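Structural features, examined
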Amino acid sequence: MTHWTIDAGIAHLVLDRPPCNEIGTAMLADLERFLADVADREDDVAAVVISSAQRGGFSAGADLRELYEGLRREPADRHESLLRSFLDRIHTVMDTLDMLPQTTIAVVHGICFGGGFELALACDLIVAERSARFCFPELRLGLVPGFGGIPRLERDTHASVVRDLLFTGRSINAKRALDAGIVREVVPRGSGLDAAMAAARQVTKFDAETRARAKLFAKRLPVERLAEEKALFLELAQRDVLVRALERFVTSDDIRPYLP
Amino acid sequence: MSDTVDKVLDLAAKHFGVDRSKLAPDADIFEALGIDSFQAVELTSEVELAFDVEIPDYELQPVRTFAELAAVIDKRR
């Protein structure tokens, strides 16, 4: 189960929902509870580290099985309000994480796909283990990423990288992500948390107000683009393309079900 | 056996703790290694980093055997 500790000025959130920290209503509630605990503690929490206890990776993204079941269960005229309600909550979570007064570090190993990638991108820094792999597979579902990933990636790296990942849906390894400026360092398997904690301990040495004001100066929410992304996602998600793609995904026995 | 497929077999055996002598070039990668979809992604990264290549997922999609994987790697080198 997802849990967190706060010790010596560092909050450590451990994502731990099998099979690979899919982001559905349960994970969303976990993230909301965590952020409610740390958001107002800028004086005694200097850094936030997010890692995964799941072997498969950091997060496989949105819970597609839950989404499929939800869309199948509810009449079509309820789909937009259901999707909008979830999207509003997840955007609040991602935006809050993005602009926490603390310095935030994601520790990524293995799969970091879709919504999981978007969660990592909401953090200030990403430490990638050698096994980390990043991907925006959403076009395969007839969608664009919906948790704010594209505006955040646009903010943090080159437009050509965004277009490559978005338009082809290909996944990239940790070294490529480092070259693209997405991650701050690549470390050996199993040593990501140590690297992140070392950086977090450094952060705890700084004055709280200076740290928070430096973040406000150096990092802005791409508010307009986030709203555009959400609107486009909702528009695309109303179509039959999504349900058909979700059905293919949940019934697939392919070793690589994320491929179309 | 090509040099590349030999190295792929070495890498796969070592990474997933499988007896190297039980892996053949024409064996189905996923059955021979007994790996799941998460480990398949891991194998892609290991191969890319070891051979210093990038292999787009859509080029990997039809790949089932170690020999086919080696051929894709050679095309990208």
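Everything that follows concerns the structure shown earlier in this document.
Structure report, in brief. Source: prediction; values computed, not measured.

Cut-offs and rules
Residues numbered from 1 in each chain as written. Chains lettered and ligands numbered in written order. Predicted model: local features only at pLDDT ≥ 70, side-chain atom pairs only at ≥ 80, totals over all residues. Heavy atoms only, no water. Helix = DSSP H or I, 4+ residues; strand = E, 2+ residues; numbered from the N terminus. Rg over C-alpha atoms; globule rule 2.2 N^0.38 Å. Buried < 20%, exposed > 50% of the residue type's maximum accessible area, 1.4 Å probe, protein only. Contact = heavy atoms within 4.5 Å. Areas by Shrake-Rupley, 256 points an atom, 1.4 Å probe, with all protein chains shown as cover. Lys, Arg positive; Asp, Glu negative; His and termini not counted. Charge placed at Lys NZ, Arg CZ, Asp CG, Glu CD. Phe/Tyr/Trp six-rings, centres within 6.5 Å; stacked < 30°, edge-to-face > 60°. Pairing = 2+ DSSP bridges. Axes fitted to C-alpha atoms, helices over the stretch in contact; angles between N-to-C directions. Salt bridge = Lys/Arg side-chain N within 4 Å of Asp/Glu carboxyl O. Left-handed = near helix turned anticlockwise from the far one by under 90°. Nonpolar A, V, L, I, M, F, W, Y, C, P; charged D, E, K, R; others polar. Core = buried A, V, L, I, M, F, W, Y, C linked by side-chain atoms within 4.5 Å. Polar contact = N/O pair within 3.5 Å; in protein donor to acceptor, adjacent residues only side chain to side chain.

**Considerations on the overall build of chain B**
Summing up its helical and strand segments, chain B has five helices and zero strands in all. Sequence-ordered secondary structure for chain B, helices as α and strands as β, is α-α-α-α-α. Against the 2.2 N^0.38 benchmark of 11 Å for 77 residues, chain B shows a C-alpha radius of gyration of 11 Å, consistent with a compact globule. With respect to the three principal axes, the spread of C-alpha positions in chain B is 30 × 30 × 20 Å. Taking all 77 residues of chain B together, 49% fall into the buried category. Here the analysis covers contacts within chain B between residues at least 6 apart in sequence; of these, 52% occur between residues at least 24 apart. Carbon and sulfur atoms form 47% of the exposed surface of chain B, whose accessible area is close to 3,700 Å². In chain B, 8 side chains carry a positive charge and 17 a negative one; their mean positions are 4 Å apart.

**Side note on the packing of aromatic side chains**
All names here are of chain A. For the coordinates displayed, the defined rule picks out four aromatic pairs over all chains. Note on Phe86 and Phe147: the rings are 6.1 Å apart at their centroids and 50° apart in plane angle, and the pair reads as tilted. Placement of the pair is Phe86 in helix 3 (residues 76-98) and Phe147 in the loop between strand 8 (133-135) and helix 5 (149-156), with a sequence separation of 61 residues. Just as Phe86 is buried, Phe147 falls in that class too. Put simply, the rings of Phe117, Phe134 and Phe136 touch in pairs and so form one group of aromatic residues.

**Describing the sheet that holds strand 8 of chain A**
Residue and element names in this part refer to chain A. Pairing in this open sheet of four strands is mixed, and the strands run 4-6-8-9 from one edge to the other. The outermost strands of the open sheet, each flanked by one partner alone, are strand 4 (57-59) and strand 9 (171-173). The mean angle between the axes of side-by-side strands here comes to 20°, regardless of whether they run parallel or antiparallel. The pairing of strand 6 (residues 111-113) with strand 8 spans three bridges and is parallel.

**What to know about the sheet that holds strand 10 (residues 185-187) of chain A**
All names here are of chain A. Across the sheet, six strands lie side by side as 1-2-3-5-7-10; this open sheet has mixed pairing. The sheet is open, and its two edges are formed by strand 1 (3-7) and strand 10, each paired on a single side. In this sheet, adjacent strand axes meet at a mean angle of 20° when their direction is disregarded. Two elements, strand 5 (residues 103-108) and strand 7 (residues 125-129), share four bridges in a ladder whose sense is parallel. When the bridges of strand 7 are listed, Val107 appears paired with Val127.

**Things to note about the pattern of salt bridges**
Residue and element names in this part refer to chain A. Using the criterion set out here, one finds 35 salt bridges over all chains in the structure. Among the salt bridges present, the one from Glu185 reaches Arg184, with a minimum N-O distance of 3.0 Å. Residue Arg184 is classed as partly exposed on the basis of its relative accessible area of 42%. Connected through shared salt-bridge partners, Asp95, Asp98, Asp124, Arg152, Arg155, Asp156, Lys215 and Lys219 make up one network.

**Re the packing of helix 1 (residues 25-38) of chain A against helix 3 of chain A**
All names here are of chain A. Their axes nearest at 10 Å, the elements helix 1 and helix 3 cross at an angle of 35°. The handedness of the crossing between helix 1 and helix 3 is left-handed. Contacts between helix 1 and helix 3 pair Thr25, Leu28, Ala29, Leu31, Glu32 and Leu35 from the former with Phe86, Arg89, Ile90, Val93, Thr96 and Leu97 from the latter. Partitioned by chemical class, the residues of the contact of helix 1 with helix 3 number eight nonpolar, two polar and two charged.

**Notes on the pairing of strand 5 of chain A**
Residues in a regular strand point their side chains to alternate faces of the sheet. Residues and elements named next belong to chain A. For strand 5, the tally of buried residues reaches six of six residues, placing the bulk of the element in the interior. Pairing of strand 3 (residues 47-52) with strand 5 involves four bridges; the strand directions are parallel. Of the residues in strand 5, the one forming a bridge with Val48 is Thr104.

**A few points about the nonpolar core**
Counting residues in each nonpolar core, the largest one holds 63 residues, and the members touching the most others are Phe58(A), Val108(A), Phe117(A), Ile126(A), Phe134(A) and Ile182(A). The leading source of residues in this core is helix 3 of chain A, at seven residues. Excluding residues that lie within four positions of it along the chain, Phe117(A) makes contacts with Cys112(A), Phe134(A), Cys135(A), Phe136(A), Leu153(A), Leu165(A) and Ile182(A). Counting 25 residues, the second-largest nonpolar core is a separate cluster that includes Val5(B), Phe16(B), Ile55(B) and Leu69(B).

**Section: the interface of chain A and chain B**
With 25 residues of chain A in contact, the opposing surface of chain B contributes 27 residues. Seen at the junction of chain A and chain B, the total is seven salt bridges. For Arg55(A), the salt bridge identified is with Asp36(B), shortest N-O distance 2.6 Å. Remark: the boundary between chain A and chain B carries eleven residue pairs in polar contact (both at pLDDT 80 or more). Elements supplying a minimum of two residues to the side of chain A that touches chain B: strand 6, strand 9 and helix 7 (174-179) of chain A. Residue classes in the side of chain A that touches chain B are distributed as eleven nonpolar, five polar and nine charged.

**Regarding the side chain of Gln54(A)**
Examined against the element boundaries, Gln54(A) turns out to sit in the loop between strand 3 and strand 4. Contacts of Gln54(A), omitting those with residues within four sequence positions, involve Leu15(A), Asp16(A), Arg17(A), Pro18(A), Pro19(A), Cys20(A), Asn21(A) and His109(A).

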